Each structure stands twice: as C-alpha cells, then as structure tokens.
Amino acid sequence: MRNTKTIIIGAGLAGLGCAKTLSDSGHDFIMISKNVGGRVKMSESRIVNYGAVWFFSHYKHIKRIIKLGPRIRRRGATFFKNGFQVNLFKVVLNNPIASIKMLYFCVYFYVKLHGLLRKSEKLSQKLIIESDPYFKKLYYLSGNEFIKKNQLESIAILINNVLWGVFGTKIEEQNAFLVLLASTTLTSSLYEFKIDFNYLISDFKDCLFLGEVTRINKKSNTFLIHTKNGDNFQAQNVVVATEPSVSQLLLNLKKVNTGRTVYVHHVTGQILDKYHNLPCSFSVGSSLLGILNNTDGSFLIYSTTDKIAWKRYFENYSIVAKIKWEPMLNNIGGELLDNKYGENVWLAGDNNIPGMEYAYTTGICAANQIIDRENNK
Ligand SMILES: Cc1cc2nc3c(=O)[nH]c(=O)nc-3n(C[C@H](O)[C@H](O)[C@H](O)COP(=O)(O)OP(=O)(O)OC[C@H]3O[C@@H](n4cnc5c(N)ncnc54)[C@H](O)[C@@H]3O)c2cc1C
C-alpha cells in the first residue's frame, strides 16, 4: 500500500492543473489515471486534435502549457438548412438589431467570464456562480426563455447551430449561461494548438500511476483508494478529477450533468466542391454536428452516430481514425456541482462549465485549497 498526502484521480486537464500546482508548491501527491490528457487527444501525426480542438484567446492558464497553432478562420462558416448551406455571418447581416443585441450580451458575458476564471483559482465555480446575481440568473434561465425574453428569435437558428456544432446541444436543452458560453466561439479568437503531455508531466511523472480507480473508502481520517489491478493507495486528501459519470459512482453523488455521445472521424480525401474551403459547417437537427476543415487539409466529422452518409460530403475519402466520446461534454442538466464533497474530498473537472480552461482551473482551485489548509495547520 502506497501512502501519500494527496491522491488525484484522473489526469485530464483538471487533474493536471491540480498536479502542476501541487508539484510547484512541493506538496506530496500521487496521481492515478486511466490515461494522460483525457478529452485532449492528438492524432498520431500530432497535427490534429480529436478531443478539444480550439484554443480560445481568453484561456490564460492553458496558454502556458500549449503551443499555439494557426488561427481558425470563421468568415466562411456555414450551417445546413433544407439541403442548402447558409453563411453564419449572412444571418448576422440580415438581422442587425437582434445581432447587435446578442453581441452586446456576448461581450458583457465575456468580460464577466474573465472575473469568474480569476476567482475560480481559489473558489468553487458553484459558489462564484450562485453568489453573482448576473451568473445565477443566466444559469437558471432556460435557453428558450433567454431567446424569447430578449427577442432573439430571428437569429435563434444561428445560435442553435453554434450550440449544436460546438457543444452538441440545442437551445431548448440548455441554460442561458451555456448559450452565451457557446457564443464566445463567435466573439473570441480561436486557434489550433498542441499540448506536449510528456513535457507537462515531466516535473511529476514519478507521481503518476496508470490504472483505474474502482472505489474510495474512508477509515477515520484516511482514504483508501482501490484500483482495478489490485494496487491500493492511502491518503489524507482526495481530488476526484474524472468525468462526472465516474465521479458520481466514486463519490456517490445524487445527480450530475450528462451529454451526447459524439463520434469524431478523422478523414482525408476529396470533399465535394460545395464544402470545399469552408472552415466549418454545422447542422442542427441532423445527426451531423459539423465538418471541420483542418489547416493540414484533412477533415474532422463530428456526428452522433458512426453511420455517416459519406457520399453526401466526399468524392472519395479515407478514414484515418475514429474516436467515440461518451459523452463529449457534460452540459445537459444544469446541475451546479460543488468542488467539495465532505472533509478533504475535492471534485474537479468540467462538471459545470465545459472547456479546457474551466476544467484546468478547477484543478488549480482544489490544489490551492489543499495548500492553504496545510499551511494553516
Ligand atoms: C470532441 C471534443 C471537442 C472539444 N472541443 C473543445 C474545444 O474546442 N475547446 C475547449 O476548450 N474544450 C473542448 N472540449 C472540452 C474539453 O476537452 C474538456 O472540457 C476538458 O478536456 C475536460 O477535462 P477534465 O479533466 O475535466 O476531464 P477529462 O479530460 O475527461 O479527464 C478525466 C480523466 O479521468 C480519467 N479517468 C476516468 N475514470 C477513471 C477511473 N475510474 N480511474 C482513474 N482515472 C479515470 C480519464 O482517463 C481522464 O484522464 C472538447 C471535448 C471533446 C470531447
């Protein structure tokens, strides 16, 4: 049985944010995970991302751990409607009043988001959202009510396609907070990126154990962590940084958010002329979330099924890889999860807000709270 002060379960960005912060402060910990990176996963060529694909310009911590790639072009972005493609920005131009209103909401939200991210290095996202009347109202307002209340019906099709393409959800399933979060795709600059996980974990790779945690037991002030292959660990603090469905089992949580299963096909070949040279196309109402033209000339096809009508999009094609994300994001449910579940148990991850930076800061937050606690003992 290995003994340590803190155990981090899960080495996605949330777990890694926690590990990096604890490692930088010289805190003793062990990290157990099925893999490193979680929903950030690169192709073998290390050019294309199969999980998180865009770096948003407001990501501060993630910026320190990535290598920035080319900027994503959005001007030609389209969505499919009745078999035709409609340019996203044409909807904007045709509906100037609703678009200006939405732009104002997005910019205000974006400014507030910076504050939320800064505070969430020390405080739980749940506490920040619930103690800020602006965020609280958005989190508990349905997407449909938001559209109706602000008379945004004329651009709802645009918002719905962005939500579908980026988050795999629709306005009617979503709260206003996530509707605005998805809309930052249109207002912030987006980039391709690479993460070198070997470099990121180089300071603490001796603390990393690959394995699957099956159970957490508490015995007086100590946690016993059991893994599938029979290795057991013991610690005073536990940070659970797994996907919500796994955290729910490990911590016996009553309710967590869910999301859609999404298949990502990485494809090379000849796309039909009408889709050629489009940065991305979304398709709400169909099983296709979107088609992404990578800057290396290959394509990513996002779909809720692995049965793709290839001939509808390609002259000829070859599948390089297929990944199933189950679910892609945990953004349906609107359940705000706290970052503490009992004495010395922390929960980290994109449980409340989907995206790399939001996940990473929850790990930093857990680490900072553990460090503060140790320092005050
Ligand atoms: C297709 C796709 C596209 C995306 N696009 C973007 C984007 O463009 N921009 C953006 O910012 N975000 C994007 N995201 C979201 C982003 O990837 C996630 O929000 C973020 O990576 C979540 O990190 P996490 O650490 O919370 O969870 P995860 O990355 O899921 O990490 C969980 C970790 O826990 C481990 N684990 C699970 N169960 C166990 C167990 N029992 N024992 C031990 N370890 C376990 C897993 O192996 C994994 O390493 C996208 C996600 C997907 C899937």
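Conventions we followed
- In every chain, residue numbers begin from 1 and rise along the written sequence.
- Local features are withheld for residues below a pLDDT of 70 in this predicted model, meaning they are given only at 70 or higher, and side-chain atom pairs are given and counted only at 80 or more; totals for whole chains, interfaces and linings count all residues.
- Working definition: helices are DSSP H or I runs of at least four residues, strands are E runs of at least two. Numbering for both runs from the N terminus.
- We compute the radius of gyration over the C-alpha atoms and compare it with the globule rule, which gives 2.2 Å times the number of residues raised to the power 0.38.
- Put plainly, a residue is buried at 20 or more neighbouring C-beta atoms within 10 Å of its own, exposed at 12 or fewer, and partly exposed in between, counting only other residues' C-beta atoms, which are placed from the backbone.
- We call two residues in contact when the distance between their C-beta atoms, placed using the backbone, is within 7 Å.
- By convention in this section, buried Ala, Val, Leu, Ile, Met, Phe, Trp, Tyr and Cys residues joined through C-beta atoms within 7 Å make up a nonpolar core.
- Segmentation into domains, and thus their bounds, comes from an automatic or database assignment.
- DSSP calls a pair of strands paired once it identifies at least 2 bridges connecting them.
- Helix axes are fitted only over the stretch in contact, all axes being lines through C-alpha atoms; the angle between N-to-C directions runs from 0 to 180 degrees.
- Residues are counted as near a molecule or strand when the C-beta atom, derived from backbone positions, lies within 6 Å of that molecule or strand.
- Under the grouping applied here, Gly and all other residues not named as nonpolar or charged are polar, the nonpolar ones being Ala, Val, Leu, Ile, Met, Phe, Trp, Tyr, Cys and Pro and the charged ones Asp, Glu, Lys and Arg.
- A helix's residues, less one, multiplied by 1.5 Å, set its expected span.
- Whether a crossover is right-handed comes down to one check: with the strands pointing away from the viewer, does the path from the first strand over the helix to the second run clockwise; if it does, it is right-handed.

Bringing the overall build of the protein into the picture now. Looking only at helices and strands, the protein has 13 helices and 17 strands in total. Relative to the compact-globule value of 21 Å for 377 residues, the protein shows a C-alpha radius of gyration of 21 Å, a close match. For the C-alpha atoms alone, the extent of the protein along its principal axes is close to 65 × 50 × 35 Å. For the protein, the proportion of its 377 residues judged to be buried stands at 43%. A fraction of 70% describes how many contacts in the protein between residues 6 or more apart in sequence connect residues 24 or more apart.

A few words now on the environment of Ile-7. Tracing the backbone shows Ile-7 in strand β1 (residues 2–11). Here Ile-7 falls in the buried class, since 25 other C-beta atoms lie within 10 Å of it. For the pair formed by Ile-7 and Gln-236, sequence separation is 229 residues and the distance between their alpha carbons is 8.1 Å. With sequence-adjacent residues up to four places away left out, Ile-7 is seen in contact with Phe-29, Ile-30, Ile-32, Phe-223, Ile-225, Phe-233, Ala-235 and Val-238.

Counting residues in hydrophobic clusters, the biggest one holds 106 residues, and the most contacted among them are Ile-7, Ile-8, Ile-9, Cys-18, Leu-163, Val-179 and Val-239. Here this core gathers at least three residues from each of two domains, domain 1 (2–67 + 194–258 + 337–375) and domain 2 (97–187). Setting aside anything within four residues of it in sequence, one finds Ile-8 in contact with Gly-15, Cys-18, Ala-19, Phe-29, Met-31, Val-239 and Ala-241.

Now for the sheet that holds strand β12 (residues 262–271). Strand order in the open sheet formed by seven strands is β6-β5-β13-β14-β15-β12-β16, and the pairing between neighbours is mixed. Only two strands of the sheet have a single partner each, and these edge strands are β6 (84–87) and β16 (314–325). Taken over all neighbouring pairs, the strand axes of this sheet differ in orientation by 25 degrees on average, direction set aside. Bridging between strand β13 (residues 280–282) and strand β14 (residues 288–293) involves three bridges; their strand directions are antiparallel. What sits directly across from Cys-280, in β14, is Leu-292.

In the vicinity of the ligand, 35 residues are found, and the nearest of them are Gly-10, Gly-12, Gly-38, Ala-52 and Gly-349. The set of elements that each furnish at least two residues to the shell around the ligand consists of β1, α1 (13–24), β2 (29–36), β12 and α13 (356–375). The element contributing the most residues to the shell around the ligand is β2, with four residues. Residues of the shell around the ligand, tallied by class, amount to 20 nonpolar, 10 polar and five charged.

Moving on to the environment of Val-320. With respect to the helices, strands and loops of the structure, Val-320 is situated in strand β16. In sequence terms Val-320 and Val-267 are 53 residues apart; their C-alpha atoms lie 5.5 Å from each other. Apart from residues lying up to four places away in sequence, Val-320 is in contact with Ser-43, His-266, Val-267, Thr-268 and Ser-298.

Our focus in this paragraph is the domain arrangement of the protein. When the domains of the protein are assigned, the result is domain 1 (2–67 + 194–258 + 337–375) and domain 2 (97–187). A straight line from the C-alpha centre of domain 1 to that of domain 2 covers 26 Å. In this complex, domain 1 contributes 15 residues to the contact, which on the side of domain 2 involves 14 residues. Considering each element in turn, the side of domain 1 that touches domain 2 owes the most residues, six residues, to α13. Considering only residue class, the side of domain 1 that touches domain 2 consists of six nonpolar, six polar and three charged.

This part is about the sheet that holds strand β4 (residues 66–71). Overall, antiparallel pairing links the three strands, which are arranged β3-β7-β4 in an open sheet. The sheet is open, and its two borders are formed by β3 (55–56) and β4, each paired with just one other strand. The pairing of β3 with strand β7 (residues 190–195) spans two bridges and is antiparallel. In the strand pairing of β7, Phe-55 is matched with Tyr-191.

Right, let's get into helix α9 (residues 176–187). Given a rise of 1.5 Å per residue, 12 residues ought to cover 16 Å, and the 16 Å separating the end C-alpha atoms of α9 matches this to within 8%. Among the 12 residues of α9, 11 are classified as buried, and the element is accordingly described as predominantly covered. Within the sequence span of α9, burial applies to Ala-176, Phe-177, Leu-178, Val-179, Leu-180, Leu-181, Ala-182, Ser-183, Thr-184, Thr-185 and Leu-186. Taken together, the buried residues of α9 touch β3, α4 (96–119), α6 (133–139), α7 (143–149), α8 (156–167) and β7.

This brings us to the pairing of β2. Along any regular strand the residues' side chains alternate between the sheet's two faces. Where burial is concerned, most of β2 is hidden: six out of the eight residues are buried. Sheet topology note: the β1/β2 ladder contains five bridges and is parallel. By the bridge assignment for β2, Ile-9 is matched with Ile-32. With α1 bridging β1 and its parallel neighbour β2, the resulting β-α-β unit is right-handed.

A word on unusual backbone geometry. With an omega dihedral of -5 degrees, the bond running from Glu-326 to Pro-327 counts as a cis peptide bond. Here Pro-327 shows up in the loop between β16 and β17 (345–347). In this structure, Gln-151 is a non-glycine residue whose phi angle is positive, near 50 degrees. Relative to the assigned elements, Gln-151 resides in the loop between α7 and α8. A residue is classified by how many C-beta atoms lie within 10 Å of it, and Gln-151, with 10 of them, is exposed. Phi at Asn-252 is positive, roughly 60 degrees, even though this residue is not glycine.

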